[in-house]
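Results of the structural survey
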Amino acid sequence: MASWLGGLGSGLGQSLGQVGDSLSSLTGQISSFTKDILLEGAEEVGDAATELHVSNSRLREIESINAAQKFENDRLKKVCSDLEEKHEAAELQIKQLSIEYRNQLQQKEVEISHLKARQNALQEQLQKVQTAAQTAQLGAGVLPPATASASYVPGVRHSSGFEGDDMDFGDIIWSQQEINRLSNEVSRLESEVDHWKQIAVSSKVQGTNDAEQSEICKLQNIVKELKQNLSQEIDEHQHELSVLQDAHRQKLVEISRRHREELSEYEERIEELENRLQQDGVSTDTMDDSKITEQKKNAQSLQGGKAEELQVEDEIRELNHKLSSAKAENKNLLKEQELAKLEKIQLARDYEKLKYEFSVLQRSVAEQDALLNKQEKLQSKTSLPQDVVRLQQALSEAENEIARLSSLNQGLEKELTSAQHKHENILSPNTEDQNSELNQLRQDLERKEHELDESIAERETLIAELEELDKQNQEATQHMITLKEQLSKQHTETDSIIKQLKFDVDSERKKVSELEIEKMKIIKELDSQKEKLSQCSYALNDLHITKQQLQDNIKNLQEQLRKAQDCNSHSKKEIGELQQRLKEREEELHVSLSKLTEKSNEESNYACQGLILKEKEVEIAKLQNDISENKQVNEHLENSLSDLRTENGKLIAAIEELKQELSDTISEKNKVYLEKDTVVEALKMEKRQLESELNQAEKRLLEQAHKYKQTIEELSNARSMDTTALQLEHERLVKLHQEKDFKIAELQSSIEQMETDHQETKEMLTTSLGGQKQLTDLLKEKEVFIEKYKNEALQLKQELEEYMKVSKKQDVFKQNLEEKDRSLAVMKEENNHLKEEIERLKDQQSRSTPVVEPKTLDIIIELESEVTQLKMIRNNLEEEIEVHKKTIEDQNQTTVKLQQSLQEQRKEIDESRFQCEQMNVTHERLFLEKDEEIKNLQKTIEQIKTQLHKERQIIQTDSSDLFQETKVQTLNGENGNEKHDLSKAEIERLVKGIKEREMEIKLLNEKNVSLSQQIDQLSKDEVGKLTRIIQEKDLEIQALNARVSSASYRQDVLGLQQQLQAYVREREQVLAVLSEKTRENSQLKTEYRNIMDMVAAKEAALVRLQEENQKLSNRSENSSQDMSRETIQNLSRIIREKDIEIDALSQKCQTLLTVLQTSSTGADNGSGGVNSNQFEELLQERDKLKQQVKKMEEWKQQVITTVQNMQHESAHLQEELHKLQAQISVESDSTSKLQVDYNGLIQSYEQNEKKLKSFSQELAQVQHSIGQLYNTKDLLLSKLDLVTPSLAAASTISQLSSVQHSPPEVLSDECKLLQNELEQLKKKLQEKESTIRTLQENNQRLSDSVATASEIERKSQEGTESEMRQIKEKHDVLQKSLREKDILIKSKSDQLLSVSENLSNKENENELLKQAVTNLKERNLILEMDIRKLKEENENIVARCREKETEFRALQETNMQFSMMLKEKEFESHSMKEKALAFEKLLKEKEQGKTGELNQLLNEVKSMQEKAVTFQQERDQVMVALKQKQMESSALQSEVQHLHEKEQRLNQELERLRNHLLEMEDSYTREALAAEDREVKLRKKVLILEEKLVSSSTAVENASHQASLQVESLQEQLNLVTKQRDETVMQLTISQDQVKQYALSLANLQMVLEQFQQEEKALYSAELERHQKQSAEWKKKAENLEEKVVSLQESLEEANTALDAASRLTEQLDIKEEQIEELKKEGEIRKEMLEDVQNKLMNLMNSTEGKVDKLLMRNLFIGHFHTPKNKRLEVLRLMGSILGIKKEELDQLLSEEQRGVTRWVTGWLGGGAGSKSVPSTPLRPTQQNIFNSSFSELFVKFLETESRPGLPPPKLSVHDMKPLGAAGTGKTSSTPSKSQMQDSAVSAVGRRPDANPFLAPRSAAVPLITPASSSGHLLMKPISDALPTFTPLPVSPDASAGAVLKDLLKQ
């Protein structure tokens, strides 16, 4: 049904459209027909017979055409009648259908409500069933999804009844679909309900079979388990994969570690071999020393001989001399050997270096040869470069040096071998001579033993001394052997460590040298890159200049094009007007010719015609001039077009060149990025290797530390053996310590040198990085420019396309012009013919007599009117030309403004660039300051380290001094007892003191170890940091290296060297400046202030940006709103003006018709005067209207220019927005950089704080240790004071016993006394009981052994006296040193206090700085928030701009539509003009009485009009279609361009990936080759070392042979020594007893020590637990704080979201408030309008109540006298009723009138003054029935027509109230909107009772022809409801009511 109705409606619309088209084409047909007739009439025919024949044939043709036209008219009438019947039938059907559909819809709605209720019920049931099923199936894992049905609730649209016929078929169809869908859903829900019911029933049934349910549950559980297993297996697989990957990594790490360990083992082996070689040299020296000592001993033993012995002595002396000389020679030879070795090593190194240089030179030579070959190919005539010659010379010199060094090496080896031979030759005879002489001497000694009996006594003494010396010597030798062994071990270890360190240093130096070489290369490449960049920049600048020139050219071309377009438009208009003029002139000429032919028959005025012809000739000349001017204009246009085409070609070529350059630059960029990537990957690999090497180094250090600990423990064990050994060991340790200190100092100096080198490299890198940053910035700028160029190229393409279109249009215009030229030529020929005819007619007229007829006057008047019209048209055209000139000037001004704005923008860009450069400079300064801070921090760390070392040394010296002091004090206590026995108790005391000192030393050693560990950790951290920095710098250097191509830029070396020297100078200056800088605190403060300033500046900038954003948003909103309003208002005004013009033209046509009618009918002179007056008034009105039209057109062009300006401004605003966004992005980058800096500063603060804490802890430990040392010193002093009196007492007892030799009783008495004294001492000193007991035992033993060992004691006393003197001296020295140490300790404590104070101050400052940093962080966060807000605002603004752009596009489209409407209106006006002309011709032909031809002409005119309308519509459709096609083609072109760009990008990425792969493969191959080279080198080294081992083993064998000989001699000496040993065994037993006593005291001391250690351990564990608890508490606090932070962040986010929502709500509220205000304003305007209208109505009512028209009264008066006397009373009654006189008064007056006429006449005439304002009230319908006669009826009809108001009251329909969003709410009264048009259409439909509710008829909606064809006179027609009314035109009384009354009265 719907489709049938739709087809019926479309058919009706088409049929109605055809009817309208046929009606509109009638006028066109008539006009064309008249033209054809006139043209045919213009043809000249010679004879009268032929003329008759032609006229007859034409008449027949015309009659045939007329018959065809009549037939067509009949057919069309039938079609119209059929269509009307169909229309009525269709309307009836539609009514019925609509009623049926409404009923159906109501039913369906009811059904929908029922279905919804059912659906809800079913859903509830479903939910219940689901719950039941869930309870029934507890084990069920999966349920079928039923939520979809419940979740999907469709949004049904309800219609609240049918108030009007607003329902569409679409709604009906939609509701039908909705019903179908709902019914389907209901059926589905029912099926689901059934399913669930079945499940419920089955579950109830299954309630009995629990086994099945359990099985189901089991199965479900199994499924779950399987799923879990699957997931577990997947997890396990993933875990295994990760484990395998980890294992693979570990394997790789282990393999690499093993490789490195093997390398290290090889290196150790090499070092051991070198050590062995050195030891071999040392062993020979020791052998010679031992021989010399033996000879000396022999010499001493043989001192007491006789003369023979003297001779022997002389010989010995000689031998000694020889030996010393041999020794000296040996030493010299050894030194020479060592020097030779060193020289050999140096030569080997030089050789390796030369080899390396030679290989490098070879490579460079090969490369240069390749380069030379290339250059020779390119330039055959060019000479070889100087570099190659220089390198060849260097090669030759290097080869010469190598040869010289090899010869020197061979000579040195020969010298060495000869020296060794000499040495052996000297030694062998010396030894043989010595052996022989010794044998002789021994024989002499055996002979003369008898003679030496006298000197036995002396010999015995000497032997005793010798025995003692031998013992001491043996002990010393044993001790020396042990020491030598230990020292050799330590020496080997230290040598290995030193060699490793040297090796590391050498490797690092090599690395540094390599890095420097690489740096040089990098600098070269950087310079080359800079040159390239400068070239690129120059090229870019050239491109910029060319681009600017092209832009200027384009602008000029655009201006020229605009001018050309304007000229074209002008020429088009002029051509159109000329065509119209030509047509009019042709028509006029044809008319004039026909008239002239007629007038030749009817002799007319010749003089008038002569004048007319002259005017015509003048006009024709003017037209010819215009045509020539048009031709010239066209030629100019053609020339400009050809120029434009050539320039376009040039532009296209330039654009292609730009594209090629862009593609080249992009490819170069891609290559650079690829090189960067490869370099970064290589650096990453090297970084990993360095990290692994560091790990190995740390492991080695740990192993060495373990070894050192073991040696320290061994030394401590060795110390506990003997006091003498301890002293020696202590001295040795001191020496070792000094040596180590020296080594450490050397290492520190080397480290400092490394650091300085590192700093130098760092500075160089910073400079290079700065350069890199500048380069990156430049590259970014270039990319931005390239993007701009791309955009401009696209714009140029679009413009080119537009120009192509314009050129095509111009070609079409050319063709038209050519056609016009041809037509002009034809016209000229016709003009010549006409001139000839006119001359012929003049001749005829001169012959004939002049006779004037009145028709010629009419013709003259018509021609004059036409001439005036043409003049007016010309004036209009001139005014339009002036307006166009004005617009062109405005456009020129706008272009000037745009250029100025462009210049300003360029200035701004330059300023922004300058700002960017300044920012870069400031950033570089900041980086330099940061580097200085880092250097200062490193210096402070080094200072702290040195202080710590000093403190350690002080502590060690203190400990050693204390130890010595205690020794001295103990010995001082014995000063009083010099001449008495040194008892064993004293020795015990000394031993105790020594042991206590040993314990203290151990404690100090432990502390030292802990401190050294801490320092090592610190040093490790620092070393790690330094290594990281070095690695980073290496990475940067290698990255720069990879960029630079090695072989390319050799010529810049000298320049780079000069730059390097300059950099070195600058570096020295910078270092000098840095040394003068202040400490960390001041720098931090200054930085803090700078940061604060920066933050303040940022905040200010943010505030400015916010303000600017707000201003911009306000501007854009205001401008967009104003723009939209103004544009719509302007367009509506333009349309109104056009409508006014059309109405004015129609009125003019009507007035002309009326004038013609009056002129034809009225022949009186008075009537002629009236016509001329009216004509003048009409002309004046027309002038006024034309002026108004001009004003309106000017205003329209102003509006168009303002719209264009606004568009330009919007484009500028968008550009500014983009700039702002770019600035914001730059600022965000800078803020991010600042944040990074802040974070770095914070980390440095935290690290400093940690270091300070660690130092404070160390200081506390040191203070604690010093306090303990003080306590121990006091304790020792007190112990010594207590022990001295007891010693004195014991010594007195021993003296008494020795002097008196008293019996044992006395001794027992003395013992008792001693026991009493000892008991008193026990009371005083309970702690020293064990010592007193040991003293008692010792006293008893001494009393027993006094008698036996008195002589030995005397000897020992003599020895002890000398010892005591020495001890005294030592004591004095030690006391002095003690005092000095005390002073030192005091000074150190003061220093410690000051340091602690400084530390506290620093901590406070650090806390303050921390607070400042936190504040800065908070500010930074706030700034970030502000930036985010600004970004959001910017995005909003951008979105608004996009919306505005869409609105602009919509407005442009509406503009297009309005322009189409305007064209249609113009066409209609033209058609109206043609109609007027046709009507005029019809009127003239009416006079002649040609009625049949008129009908035909009318039909033709109508058909032509219809055709014109159809053509116009087709043209409009084609135009619209063309525009759509253009839009589609532009969209397709943009898509094609996008695809091309994508393809290019993909191709570039492919090329990059390929290059990357190739580079990766090259790098891998290089690494593999390097590894193979390393392995080959290591194998060579191993072979060399094995050879050295073999040589050293041979030397060792020789040495062992010599040692065996020495061993034999030593065994002989041993036999002698054994005898002495037997004697010393006795003494040993005695000493062993003493040792036992010492052991007991030692055990006691160890017990005390163990207790002390346990206490310390307990304290330490308690402190540890406390620290652990504290750490746990801190961790908890940290976790709590983190949780709080998270919660705060969440709350912050919520608050932000709430704020955003609030801001949105406020924005919406503001919009609503604005809308409300606008509505209020509209309401007020409407109220004011209502009040005005009401006031006007009231005024009208008041004015019209007491007024009567004079005309009406006059007509009534005349009518009264014209009526017959019988019916005059009726007329009087009528008049009385009109004047409002009552019936009674009327009757009285009539009765009086019957008596006499005078009173009535006098009353009538006298009352005239009062009754002037008689109201023209219309008669009521009830009053019509009173009068039955014909006159009264006619009169009433006439009154009705007259009293009907010309202007209807102003409409204020509801539809005039526009919606909120509608534009142009400002002036509702003057702007008729589309809604009004629609309303008028609806009202028109509503009047008809049979109107279609669904289809609005086409004729009502859009009338094809203006409704002028309705009934009523043309001048009487109301203008329109929506247009403003003008003053009513004065119309002659004959043309209005008077004529009607006359006609009536005549009847």
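Residues numbered from 1 in each chain as written. Predicted model: local features only at pLDDT ≥ 70, side-chain atom pairs only at ≥ 80, totals over all residues. Heavy atoms only, no water.

**Points about the overall build of the chain**
Each helix and strand counted, the chain has 27 helices and zero strands in total. By residue count, 27% of the 1947 residues in the chain fall in the buried class. Expressed as a percentage of contacts within the chain between residues at least 6 apart in sequence, the contacts between residues at least 24 apart total 91%. Counting every atom, the chain has about 130,000 Å² of accessible surface; 55% of that belongs to carbon and sulfur. (Helix = DSSP H or I, 4+ residues; strand = E, 2+ residues; numbered from the N terminus. Buried < 20%, exposed > 50% of the residue type's maximum accessible area, 1.4 Å probe, protein only. Contact = heavy atoms within 4.5 Å. Areas by Shrake-Rupley, 256 points an atom, 1.4 Å probe, with all protein chains shown as cover.)

**Concerning the pattern of salt bridges**
For the coordinates displayed, the defined rule picks out 26 salt bridges. With a shortest N-O distance of 3.9 Å, K1219 and E908 are connected by a salt bridge. Taken together, the positions of K1219 in helix 15 (residues 1165-1300) and E908 in helix 11 (residues 854-973) put the pair 311 residues apart, joining distant regions of the chain. You can call E908 partly exposed: its relative accessible area is 45%. Among the ionic pairs, D1139 bridges to K1465, the shortest N-O distance being 3.1 Å. Placement of the pair is D1139 in helix 14 (residues 1080-1161) and K1465 in helix 18 (residues 1350-1488), with a sequence separation of 326 residues. Its relative accessible area of 23% is what places K1465 among the partly exposed residues. The network of salt bridges with shared partners includes E178, R181 and E185. (Salt bridge = Lys/Arg side-chain N within 4 Å of Asp/Glu carboxyl O.)

**Digging into the nonpolar core**
Formed by 20 residues in total, the largest nonpolar core has its most connected members in I1091, V1095, L1102, L1105, Y1238 and Y1245. Residue assignment for this core shows that the elements contributing at least two residues are helix 14, helix 15 and helix 18. Ranked by the residues each element gives to this core, the list is headed by helix 15, at eight residues. When near neighbours in sequence (up to four residues on either side) are disregarded, V1095 contacts Y1238, L1416, R1419 and L1423. (Core = buried A, V, L, I, M, F, W, Y, C linked by side-chain atoms within 4.5 Å.)

**Focus on the packing of aromatic side chains**
Under the defined criterion, the tally for this structure stands at one aromatic pair. Note on F1757 and F1761: the rings are 4.8 Å apart at their centroids and 75° apart in plane angle, and the pair reads as edge-to-face. With F1757 and F1761 both in helix 20 (residues 1750-1762), this residue pair falls four residues apart, about one helical turn. On the basis of relative accessibility, which here comes to 30%, the residue F1757 falls in the partly exposed class. Here F1761 falls in the partly exposed class, since its relative accessible area comes to 42%. Above the face of the W1674 ring, K1677 is positioned so that its terminal group lies 4.6 Å from the ring centre. (Phe/Tyr/Trp six-rings, centres within 6.5 Å; stacked < 30°, edge-to-face > 60°. Lys NZ or Arg CZ within 6 Å of the ring centre and 35° of its normal.)

**Remarks on a nonpolar patch on the surface**
A cluster of nonpolar side chains, L219, I222 and L226, forms an exposed patch at the surface whose accessible area comes to about 290 Å². Assessed through its relative accessible area of 54%, L219 is described here as exposed. (Patch = residues over 30% accessible without salt bridge, like charges linked within 9 Å, V, L, I, M, F, W, Y side chains within 5 Å.)

**Here's the deal with the side chain of E1249**
As for its placement among the helices and strands, E1249 is situated in helix 15. E1249 gets classed as buried once you look at its relative accessible area, which sits at 11%. Filtering out sequence-adjacent residues up to four positions away, E1249 remains in contact with N1406 and K1410.

**Things to note about helix 20**
Look at helix 20: 18 Å from first C-alpha to last across 13 residues, which is about the 18 Å you get at 1.5 Å a residue. What helix 20 keeps buried is the set L1752, M1753, N1755, L1756, G1759 and H1760. Buried positions in helix 20, seen along its axis, are confined to an arc of 160° and lie on one side of it. Of the exposed residues in helix 20, the ones pointing more than 90 degrees away from its buried face are K1750 and H1762. (Expected span 1.5 Å × (residues − 1). Arc of directions from axis to C-beta.)

**Observations concerning the side chain of K1186**
By the secondary structure assignment, K1186 is in helix 15. D1183 is the oppositely charged side chain nearest to the buried, salt-bridge-free K1186, at an N-O distance of 5.4 Å. In contact with K1186, other than residues within four places in its own chain, are M872 and N876. (Lys, Arg positive; Asp, Glu negative; His and termini not counted.)

**Thoughts on the packing of helix 20 against helix 21 (residues 1768-1779)**
Running from N to C, helix 20 and helix 21 cross one another at 160°; their axes reach a closest spacing of 9 Å. When the interaxial angle is binned, helix 20 and helix 21 end up roughly antiparallel. For the pair helix 20 and helix 21, the sense of crossing is left-handed. Where helix 20 abuts helix 21, its residues M1753, L1756, H1760 and F1761 lie against R1768, V1771, L1772, M1775, I1778 and L1779. Partitioned by chemical class, the residues of the contact of helix 20 with helix 21 number eight nonpolar, one polar and one charged. (Axes fitted to C-alpha atoms, helices over the stretch in contact; angles between N-to-C directions. Parallel < 35°, antiparallel > 145°, perpendicular 65-115°, else oblique. Left-handed = near helix turned anticlockwise from the far one by under 90°. Nonpolar A, V, L, I, M, F, W, Y, C, P; charged D, E, K, R; others polar.)

**A closer look at a positive patch on the surface**
There is a patch of like positive charges on the surface, built from R349, K353, K355, R363, K502, K510, R1574, K1577, K1580 and K1581. Breaking the positive patch down by element, the ones donating at least two residues are helix 6 (307-378), helix 8 (456-601) and helix 19 (1491-1745). Looking at the secondary structure, you find K353 in helix 6. (Charge placed at Lys NZ, Arg CZ, Asp CG, Glu CD.)

**Regarding a negative patch on the surface**
The grouping of E1432, E1433, E1435, D1700, E1707, D1710, E1713, E1714 and E1717 at the surface amounts to a negative patch. Relative to the helices and strands, E1707 resides in helix 19.

**Description of the confidence of the model for the chain**
Looking at the chain, the pLDDT average stands at 78 and 78% of residues meet or exceed 70. Confidence drops under pLDDT 50 across residues 1849-1912; counting only partners more than four residues distant or on other chains, this segment forms 71 contacts. Below a pLDDT of 50 lies the segment residues 1931-1936, which in the model reaches eight contacts outside its immediate sequence neighbourhood of four places, other chains included. (pLDDT = per-residue confidence, 0-100.)

**Overview of the environment of Q119**
Inspection of the secondary structure assignment puts Q119 in helix 2 (residues 48-136). With relative accessibility at 6%, the residue Q119 sits in the buried group.

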